[in-house]
Amino acid sequence: MEASRQTELLLKLEDLRPRVPEKKKFSDWFMPRRNKYILFDPAKCTGCGTCEMICSTRNVAKVSPASASVRVLTDEKLGKNFAVLCQHCRRPLCLEACPTRAIEKGDDGIVRINDLFCVDCGLCTMACPEAAPLKDPGSQEIHKCDLCEGDPLCVKHCPESALTDTRGKALRWIKAARWSVQALTFLFLVILVVGTFCYFRAGTVELSCPTGTLQNIASSGTLILVGASSALALLILTVLFGRVFCGWVCPFGFVLDLVDKITPKKLGWPNFLKSRMAKYGILGGAVGSSALLGYQAFCTVCPIGTLCRSYGVQSVMQSAELAIVPALAATELAERRSWCRYLCPVGATLGIASLLRLLKIVIGARKCKKFSCIQCAEVCPVGIIDADQLREGNSPKIPMTECIMCLRCVDRCPYSAAKIRFRWQKATPGETNA
Amino acid sequence: MSLYKTFNNGKIGVADLTTQSAYKLDLSWDALGNHVGGAAMNAWLLSEYESDSLVLGTGPLTGSFAPASALLVGTFRSPVFDHLCHVPFLLRSGPEMKFSGVDYLIIRGAAKEPCAVSVTRGQIQIFPLPDSQGKPVPELLQMLRRDVPGFRASIVTGPAADGYSPYASASIASHGSFDKVGLASRMAAKNLKAVLFSGIEGLPFREDHPALSKATEKMLQASGSLVNKGFIPVVRKLEDGGEAAKVLRGRLGRNRACYHCPCPCMTYAGFKKPGTASEKEGLLLMDHVGWAALSSRSDDALFYLQRCLELGLDPRAAGIGLREDRPLREAMNAIEKLAHAGASIDEEDYPSAPGINTRTYRLFGGGITPLSSGKAWTDRVAAAMILGICPVFIQIAGRLDRSDLLRFLSSDAEEIKALGESIDGEIEMLLEGKIPESGIGDRV
């Protein structure tokens, strides 16, 4: 009894320093706010140390470069400079690591250390991929950039303008354009067009996806030119621009993106099912079973097809089919676009076509901030950008057969390092092909 | 508040290598008022000790918001020319020394075994460095990083100094320096392999300094002083600089600046070792006159420069010694020979610069890039060596006059005037080689 009362009386960290939940506006779900951060251009930096000098004057009211919140490291052989400074991450690892919750992220996006609670343990330095909270070798205190409360002195005083404070690109038009195109095509294919998208139930408008056409050929042994021509158009589109259908047009992809917005936290896709080759197996199985059964086997459960034929205004509301879309959309709870990554045979067909693609996405190593930023890897819905490669300072090789050309990486990259290139072009002069 | 009286630690460190002991003295404000700092103060301190002592010192502006406030001056009696010389050390050596807790460091006596002197938070320590004799500079630095962790700036000597070569040159880390008058030999005579600084302390500043610094930079930009940056524009201004610049075409990397310098005059260069296809090497081009002399060996000049830096050898001397077009192996042998006692490059008037009195040029280390000549060079360089400003920058920024710099020391016009007069007097003393007489501070 006495022991339990003592336990009750013990205060936990949560009681002393309750974690403040992140406030998110409604608009943030669609267009997240871009917080300010300092962008370092290694090509301009001369290693003069003015940033360290000026920063220390704010930290310790002395000229003491060792006490600064920014540190310029130089490769003394080849002269490459690198600035260690806080990027004010969207999800700061230092904040999670701090045992006294002395690190807080403000509404303005600035990650600050509250000196009152900081015990200078240095765990934040270890947790930060950039090691940006810097330990003062003199006083042993931790100093971390707080952007000088919005007006960074280092930026103002850098003689080479190697440091700039930015919110990234001002207009995120790619994201806005993609959402608009997705909504419009959803409206067109699901609501307006009479009939279906796939070959299974052609109405007055005959459209066919390439997978449907393959199944049709396998099941009937005949080739219907009208359907094949629309499938061919999609294949040509894929050859020209990559899998833009998956990223910009697919109505089920739009549904998955909406589900992702509602459920940003993921449960995780089972490891034994984590094979991108599975979708090619499903494609083979769909074609094979169509040949055996004599009808387009996969089209009966295809989420794109069922969405088009069962949810439109003029469609037939078939009770069994109605369940397919929510059931498969539930895969989004496990991992982003897990349907597209592992299961979708339509994506598999387009993936094969994209072997002949003209375009590619590259992440240019010279501009990329690499190991500290990895925003491109974070936003990639199909998870094909290797964050570990970025952390190691290499340009990641992007498998274009898996890329759905959503261009989120291009849109998100604050350094303009992610770019669209022709497949024969190099990322930037002097870099190897990604 | 006058920075002149506040941007100092007020401490003189003394390291006695003979007794392996170190202590600190309080810096007398009267002495500081009389001699201002830098080379002038060093000369005065040297007069108080044995003639074979070595004094390292900073200027009143070193480490401050004044542009290019990177200077550390090494003052000693040159064993090669037998007169007082002041060698400038740049990059971050000056601020690191000042922020390590002492303004001046007197190294007296000679150690029995090779050693290093380290200064951190005002504490002076002498470390034995057995097995360091004859080690190339990069290897020595590696050894120092292992044995004396935490240092942030270093002045080291290489095998050329160990071999008593008259062309040995002290080096800032592995980058070389403007020492062409035997500071490395003086260090070698003391068995001193390295002086290390860890500037983790700081000094208070006047509140208007950041704005003053920015205003100075804008003024220099408006005057066009800061247009041409990098190693090449500076080399081009030298007598044989055109050819020297051509050799570097396609090999240059990023520019590098000294502490708080808005006009970088150093550049990294990349090259491949002769006979290898892929091994990429790189080094910092810092010594303009050294490169101009060495680049006559066009294709392999960077490789030779790297070897000179490894040996702690003056690249200008090597360049003069290698003028004939020799095959690689022979040239390398010639460089190795220069790194030993008794080596000679058969140039009596070495080092010298056109339009500058040879004795005066040697007085300031014999390696400062001569971007002007005559009295203009002497006055500007001498003022920079007293105040703690880079002597190359002060020539590049022709628009910058002494009063612009003195504004960083005081906002009082009268005080600035008095300081200007003091500096004039000190320059005269330096040029005449006179050593002032007065007492030193109290022992701590």
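The structure under discussion appears in the preceding block.
Conventions we followed
- Residues numbered from 1 in each chain as written.
- Chains lettered and ligands numbered in written order.
- Predicted model: local features only at pLDDT ≥ 70, side-chain atom pairs only at ≥ 80, totals over all residues.
- Heavy atoms only, no water.
- Helix = DSSP H or I, 4+ residues; strand = E, 2+ residues; numbered from the N terminus.
- Contact = heavy atoms within 4.5 Å.
- Areas by Shrake-Rupley, 256 points an atom, 1.4 Å probe, with all protein chains shown as cover.
- Pairing = 2+ DSSP bridges.
- Axes fitted to C-alpha atoms, helices over the stretch in contact; angles between N-to-C directions.
- Buried < 20%, exposed > 50% of the residue type's maximum accessible area, 1.4 Å probe, protein only.
- Phe/Tyr/Trp six-rings, centres within 6.5 Å; stacked < 30°, edge-to-face > 60°.
- Salt bridge = Lys/Arg side-chain N within 4 Å of Asp/Glu carboxyl O.
- Patch = residues over 30% accessible without salt bridge, like charges linked within 9 Å, V, L, I, M, F, W, Y side chains within 5 Å.
- Parallel < 35°, antiparallel > 145°, perpendicular 65-115°, else oblique.

Peer 1: Go over the overall build of chain A with me, naming the residues and quoting the values.
Peer 2: Of regular secondary structure, chain A possesses 20 helices and twelve strands. Of all intrachain contacts in chain A linking residues separated by at least 6 positions in sequence, the fraction that spans at least 24 positions is 70%. For chain A, the exposed area adds up to about 20200 Å²; of that, 64% sits on carbon and sulfur atoms.

Peer 1: Describe the sheet that holds strand 12 (residues 252-256) of chain B, naming the residues involved and giving the relevant values.
Peer 2: Residue and element names in this part refer to chain B. Judged by pairing direction, the sheet is antiparallel, and its three strands sit side by side in the order 12-13-14 without closing on themselves. Strands with a single pairing partner mark the edges of an open sheet, and in this sheet they are strand 12 and strand 14 (280-285). The mean inter-strand angle of the sheet, taken between neighbouring strand axes irrespective of direction, is 25°. Bridge count between strand 12 and strand 13 (residues 266-272): three bridges; the pairing is antiparallel. In the sheet register, asparagine 255 faces strand 13, and the bridge partner there is threonine 267. Docked against the sheet, helix 12 (residues 301-311) engages strand 13 and strand 14, running at close to 70° with respect to strand 14.

Peer 1: Can you tell me about the pairing of strand 3 (residues 54-58) of chain B, naming the residues and giving the values?
Peer 2: If a strand is regular, its side chains alternate between the two faces of the sheet. All names here are of chain B. For strand 3, the tally of buried residues reaches five of five residues, placing the bulk of the element in the interior. Here strand 3 shows two buried faces, one formed by Leu54, Leu56 and Thr58 and the other by Val55 and Gly57. Inspection of the sheet shows strand 3 paired to strand 6 (residues 104-108) by four bridges, in the antiparallel sense. Across the sheet, glycine 57 pairs through a bridge with tyrosine 104, a residue of strand 6. With five bridges connecting them, strand 3 and strand 4 (residues 72-77) associate as antiparallel partners. Across the sheet, the residue bridging to valine 55 is threonine 75, located in strand 4.

Peer 1: Quick rundown of the packing of aromatic side chains? Include the residues and the values.
Peer 2: For the structure shown, the criterion picks out twelve aromatic pairs over all chains. An angle of 5° between the planes, with centres 4.9 Å apart, marks the rings of Phe422(A) and Trp424(A) as stacked. Of the residues examined, Phe422(A) reaches a relative accessible area of 39% and is grouped as partly exposed. Considering the side-chain rings of Tyr167(B) and Tyr350(B), the 6.2 Å spacing of their centres and the 70° angle between planes classify their relative orientation as edge-to-face. On the criterion of sequence distance, the pair formed by Tyr167(B) in the loop between helix 6 (159-162) and strand 10 (171-172) and Tyr350(B) in the loop between helix 14 (328-338) and helix 15 (358-363) is long-range, its members being 183 residues apart. Assessed through its relative accessible area of 7%, Tyr350(B) is described here as buried. Here a set of aromatic residues connected by ring pairs shows up, and it is made of Trp179(A), Phe186(A) and Phe254(A).

Peer 1: Summarise the sheet that holds strand 8 (residues 123-128) of chain B; cite the residues concerned and give the values.
Peer 2: All names here are of chain B. Ordered in space as 8-7-11-9-10, the five strands form an open sheet in which the pairing is mixed. Of all the strands in the sheet, the pair left with one neighbour each is strand 8 and strand 10. As judged from the six bridges shared by strand 7 (residues 115-120) and strand 11 (residues 192-198), these two strands associate in the parallel manner. Residue pairing in the sheet places cysteine 115 in a bridge with leucine 192 of strand 11. Packing of helix 5 (residues 137-147) onto the sheet brings it into contact with strand 7, strand 9 (153-156), strand 10 and strand 11, and relative to strand 9 it is tilted by some 135°.

Peer 1: Lay out helix 3 (residues 50-60) of chain A with the relevant residues and their values.
Peer 2: For helix 3 of chain A, the tally of buried residues reaches eight of eleven residues, placing the bulk of the element in the interior. Taken as a whole, helix 3 of chain A has its buried residues at Thr50(A), Cys51(A), Glu52(A), Met53(A), Ile54(A), Cys55(A), Ser56(A) and Thr57(A). Contact partners of the buried residues in helix 3 of chain A: strand 2 (71-74), helix 6 (153-157) and strand 8 (163-166) of chain A together with helix 8 (209-222) of chain B. Where helix 3 of chain A ends, the next residue or the one after it, Ala61(A), has phi of about 55°, a positive value.

Peer 1: I'd like a rundown of the pattern of salt bridges, residues and numbers included.
Peer 2: Enumeration according to the criterion identifies 34 salt bridges over all chains in this entry. In this structure, the salt-bridge partner of Glu160(A) is Lys229(B), at a minimum N-O distance of 3.0 Å. Placement of Glu160(A) in the loop between helix 6 and strand 8 and of Lys229(B) in the loop between helix 8 and helix 9 (231-236) is noted, with the two residues assigned to different chains. Exposure remark for Glu160(A): the relative accessible area of 17% places this residue in the buried category.

Peer 1: Describe a nonpolar patch on the surface, and please don't skip the residues or the numbers.
Peer 2: A contiguous nonpolar surface patch, about 420 Å² in accessible area, is contributed by Leu232(A), Ile236(A), Leu237(A), Leu240(A) and Phe241(A). Inspection of the secondary structure assignment puts Leu237(A) in helix 9 (residues 225-241).

Peer 1: Kindly report on the packing of helix 16 (residues 374-387) of chain B against helix 19 (residues 413-432) of chain B, identifying the contributing residues and their values.
Peer 2: All names here are of chain B. Two numbers describe how helix 16 lies on helix 19: the axes approach to 10 Å, and their chain directions differ by 105°. By the angle between their directions, the pair helix 16 and helix 19 is classed as roughly perpendicular. Contact residues: helix 16 offers Thr378, Asp379, Ala382, Ala383, Ile386 and Leu387, while helix 19 offers Ile423, Glu426, Ile427, Leu430 and Leu431.

Peer 1: Can you tell me about the environment of Ala177(A), naming the residues and giving the values?
Peer 2: By the secondary structure assignment, Ala177(A) is in helix 7 (residues 173-192). Spatially, the C-alpha atom of Ala177(A) lies 9.2 Å from that of Trp248(A), the residues being 71 residues apart in sequence.

Peer 1: How would you sum up unusual backbone geometry? Please name residues and give values.
Peer 2: The peptide bond linking Tyr350(B) to Pro351(B) adopts the cis configuration, its omega dihedral lying at -10°. Position of Pro351(B) among the secondary structure elements: in the loop between helix 14 and helix 15. Even without being glycine, Arg101(A) reaches a positive phi, approximately 55°. Within the secondary structure, Arg101(A) sits in the loop between helix 4 (93-97) and strand 4 (103-105). When its relative accessible area of 15% is taken as the criterion, Arg101(A) is described as buried. Look at Asp82(B): it is not a glycine, yet its phi comes out positive at around 55°. Along the polypeptide, Asp82(B) turns up in the loop between strand 4 and strand 5 (84-89).

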